[in-house]
Amino acid sequence: MCTGAALLFFFALSTTSGKISSEPSFQAKFVCSGGKCFQAKFVKNASESATFHSIELCRLLCQKYGTLWPLPTVAADMSQQVAEIDPNKIEVTYFTPDSNTELFLKKTVNIFTKTLITECQDKPPTKPDTLLKIALRIISSSLDLDLQTDETYKIIVATKDDIVNVEINATTVYGARHGLETLSQLTGRRLVSDSCSTFIVDAATIKDRPIFKHRGVLLDSSRNYLPVMAIKKVLNAMSSVKLNVLHWHITDSHSFPLMLTKLPLLSKYGAYSSKEVYTPEDVKNLVSYAKFRGIRILIEIDAPAHAGNGWEFGEEIGLGKLVVCLNREPWRDYCVQPPCGQLNPANPNLYFTLHDLYEEIQSLIAAKDIFHMGGDEVHIPCWNSSTEVTDYMTTQGIPRTKEGFLTLWSDFQKKALEAWDEAVGHNRTRIILWSSQLTEIENIEKYLDKNRYIIETWTGQYELLPEELIAKGYSIIYATKDTWYLDHGFWGNTLYHNWKTVYDYFIPEDTKALGGEVSLWGELVDVDNLETKLWPRAAALAERLWTSSQQTSSQVESRLWETRQRLRRRGHQVDQIIPEWCYLNDGKCPYI
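Parameters at a glance
Residues numbered from 1 in each chain as written. Predicted model: local features only at pLDDT ≥ 70, side-chain atom pairs only at ≥ 80, totals over all residues. Heavy atoms only, no water. Core = buried A, V, L, I, M, F, W, Y, C linked by side-chain atoms within 4.5 Å. Buried < 20%, exposed > 50% of the residue type's maximum accessible area, 1.4 Å probe, protein only. Helix = DSSP H or I, 4+ residues; strand = E, 2+ residues; numbered from the N terminus. Contact = heavy atoms within 4.5 Å. Phe/Tyr/Trp six-rings, centres within 6.5 Å; stacked < 30°, edge-to-face > 60°. Lys NZ or Arg CZ within 6 Å of the ring centre and 35° of its normal. Polar contact = N/O pair within 3.5 Å; in protein donor to acceptor, adjacent residues only side chain to side chain. Pairing = 2+ DSSP bridges. Axes fitted to C-alpha atoms, helices over the stretch in contact; angles between N-to-C directions. Parallel < 35°, antiparallel > 145°, perpendicular 65-115°, else oblique. Left-handed = near helix turned anticlockwise from the far one by under 90°. Nonpolar A, V, L, I, M, F, W, Y, C, P; charged D, E, K, R; others polar.

Engineer: Would you mind going over the nonpolar core with me for this structure?
Structural biologist: When a protein is soluble and globular, its nonpolar side chains tend to lie buried together. Membership of the largest hydrophobic core comes to 116 residues, with the highest contact counts inside it found for Trp-311, Leu-357, Tyr-358, Leu-534 and Trp-535. Ranked by residues supplied to this core, first place goes to helix α12 (residues 402–424) with 11 residues. Among residues more than four places away in sequence, those in contact with Leu-357 are Phe-256, Leu-260, Leu-263, Leu-266, Ile-301 and Trp-311. Cys-32, Cys-62, Phe-292 and Cys-582 belong to the second-largest nonpolar core, a separate cluster that totals 53 residues.

Engineer: Would you mind going over the packing of aromatic side chains with me for this structure?
Structural biologist: A ring pair, where both rings are aromatic, is described by two values, the distance of the centres and the angle of the planes. In the structure shown here, the tally under the stated rule is 18 aromatic pairs. Judged by centre distance (5.9 Å) and plane angle (45 degrees), the rings of Trp-69 and Tyr-503 are tilted. On the criterion of sequence distance, the pair formed by Trp-69 in the loop between α2 (55–62) and β4 (75–78) and Tyr-503 in helix α16 (residues 499–503) is long-range, its members being 434 residues apart. Judged by relative accessible area, Trp-69 falls into the buried class, the value being 0%. Positioned above the aromatic ring of Phe-95, the side-chain terminus of Arg-137 is 4.3 Å from the ring centre. The cationic tip of Lys-533 hangs over the ring face of Phe-490; the distance from NZ or CZ to the ring centre is 3.9 Å.

Engineer: Mind showing me how you'd approach the side chain of Ser-255 here?
Structural biologist: Structurally, Ser-255 can be placed in the loop between β14 (245–249) and α6 (264–270). Residue Ser-255 is classed as buried on the basis of its relative accessible area, which comes to 1%. Reaching out from Ser-255, the side chain makes a polar contact with the backbone oxygen of Ser-222 at a distance of 2.7 Å. Setting aside its immediate chain neighbours within four residues, Ser-255 contacts Ser-221, Ser-222, Gly-270, Tyr-272 and Asn-309.

Engineer: Would you take a moment to explain the sheet that holds strand β5 (residues 82–85) for this structure?
Structural biologist: Working definition: the strands of a sheet are paired by backbone hydrogen bonds and lie parallel or antiparallel to each other. Taken in spatial order, the 3 strands make up an open sheet running β5-β11-β10, and their pairing is antiparallel. Edge strands, defined here as strands with exactly one partner in the open sheet, are β5 and β10 (187–192). When strand polarity is set aside, the average angle formed by the axes of neighbouring strands in this sheet is 30 degrees. For β5 and strand β11 (residues 195–201), the ladder comprises 4 bridges, and the chain directions are antiparallel. Within the sheet, the bridge partner assigned to Val-82 lies in β11 and is Val-201. Together, β5, β10 and β11 form the strand contacts of α2, whose direction differs from that of β10 by roughly 155 degrees.

Engineer: Where do I start with the packing of helix α3 (residues 99–118) against helix α4 (residues 173–184) in this structure?
Structural biologist: For any two helices packed against each other, one specifies the crossing angle of their axes together with the interaxial distance. Relative to each other, α3 and α4 sit at 15 degrees, their axes nearing to 10 Å. For the element pair α3 / α4, the angle class is roughly parallel. Of the two elements, α3 crosses α4, and the hand of that crossing is right-handed. Between α3, through Thr-101, Phe-104, Leu-105, Thr-108, Val-109, Phe-112 and Leu-116, and α4, the contact on the second element is made entirely by Val-173, Tyr-174, Ala-176, Arg-177, Leu-180, Leu-183 and Ser-184. When the residues that make up the contact of α3 with α4 are grouped by side-chain class, the tally is 10 nonpolar, 3 polar and 1 charged.

Engineer: What exactly am I supposed to notice about the packing of helix α5 (residues 228–240) against helix α7 (residues 280–291) here?
Structural biologist: Orientation of α5 relative to α7, taken along the N-to-C sense of each, is 15 degrees, at an axis distance of 10 Å. It follows that α5 is roughly parallel to α7 by the angle criterion. As for the relative orientation of α5 and α7, their crossing is right-handed in sense. Residues Val-228, Ile-231, Lys-232, Leu-235 and Asn-236 of α5 form the contact with α7, whose participating residues are Asp-282, Asn-285, Leu-286, Tyr-289 and Ala-290.

Without other data, these values stay purely geometric and don't point to any function.
Right, here's the structure in full:
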């Protein structure tokens, strides 16, 4: 626990003037007591020497783990004293196996430095004599970011005289990047009218690794187009809490905004406008931008359902109907949500088209280990209403029963997989599918090979399907709808899931449980409310999946509050979760 006086004494030693600058009498000051921070004016007999000049500094030093988010999993020992540093005065030494990894790390260091400066909120940093020296050491020359990537890291901070020495050791560049993010969270600020003082803990040892490999956010840019810059802001925020997968639901029956050089008519017919598209350059730029922040982009091309506008080009160029039920009414007869559309499994040209689509996607985002094919909410009445589909079923000897349509569906999936394998030149990709009728426990082994398919389950938290699939040997990604669907609470009878609900949902630590995602479906999301619907709830998921802590939300809330403030300092729009008075006085508002 902090002592207050000793901490402030070190503040005085670490400032260039030898003492803390005087503050206006109306500025709030904070006291640490029992691992909690309070406004000094509410604490009887609060000694002036036991106060902090910002709530951020108080929480950095008052709590055992400071303001770290997510919490380290192996070990964390932090000093309760600080040294003042200049974010513009950082010396970095690189120990890497080759020039490519060194260049990668230089870019991540540049992001780290800019982040520290940004957190000063446009106030010029003070210029103390203390030098921050960072040594980055990695072993691997690989820049691959996949399910096997080693994200572990170790940080050692030690201060001697006017030098704060930091060692960050990791196997990969991504572990080192995570170490830099954690280092940024060992800092705190004191802002006055004309300057910003940045402090860093003077000693620390942290060993860390994630519990789950897949820690994601789903964005849907098909229902409402999301500008590239908005997606980059999401990536920035994700990196600050060590989320590592952006699941991009880029197409649906509503629109097909992805421009493809081999299939230009898909976006010509499918985009809302010529300005609401993602060019191949946009995608490549986002992939690169994400990797320097420790994030992979996982594009989903949903099929055979959730495919409509854009696919009508087939008849124009002699390929026949690639899609059936397109924009049919009344929509409830043909799909689960308007506009309707479902790929036509009876048309052999569909699979040649999918091959070209997959081949180009592979050129934009090299999917070495996984790819998402969607595969949910196939509406049997749609296919049953198409004479082309039903005639095909008759010629193939497939009955028009529920089991027959599941056979048709699995036949589509088999041919789509063959098209993918041919497009990428191997059969080693693990394909992700949403849970569906095909993945029901009595059906899945008939249709889907456990060695090829990963199932993303969007069942309720009390449903047994995920654990039953794990027991059968299937790998699972959790997207539990009544805890981790962030669009809920804004439509129909769905309930809003606050950050505590997100945090307090546990998934099993099993080798077949790869991790999970929060899903922000886009019916009621655009650039104006994207961030506030995501944050800080996605941050709650980040710690749940990185740390898999046995703590509950009530035990971590003050660290989450500071994570929210950190995101705000870094320029993000973050939903408010507590009255400011409660934020400034730990534990005083148990009703929130």
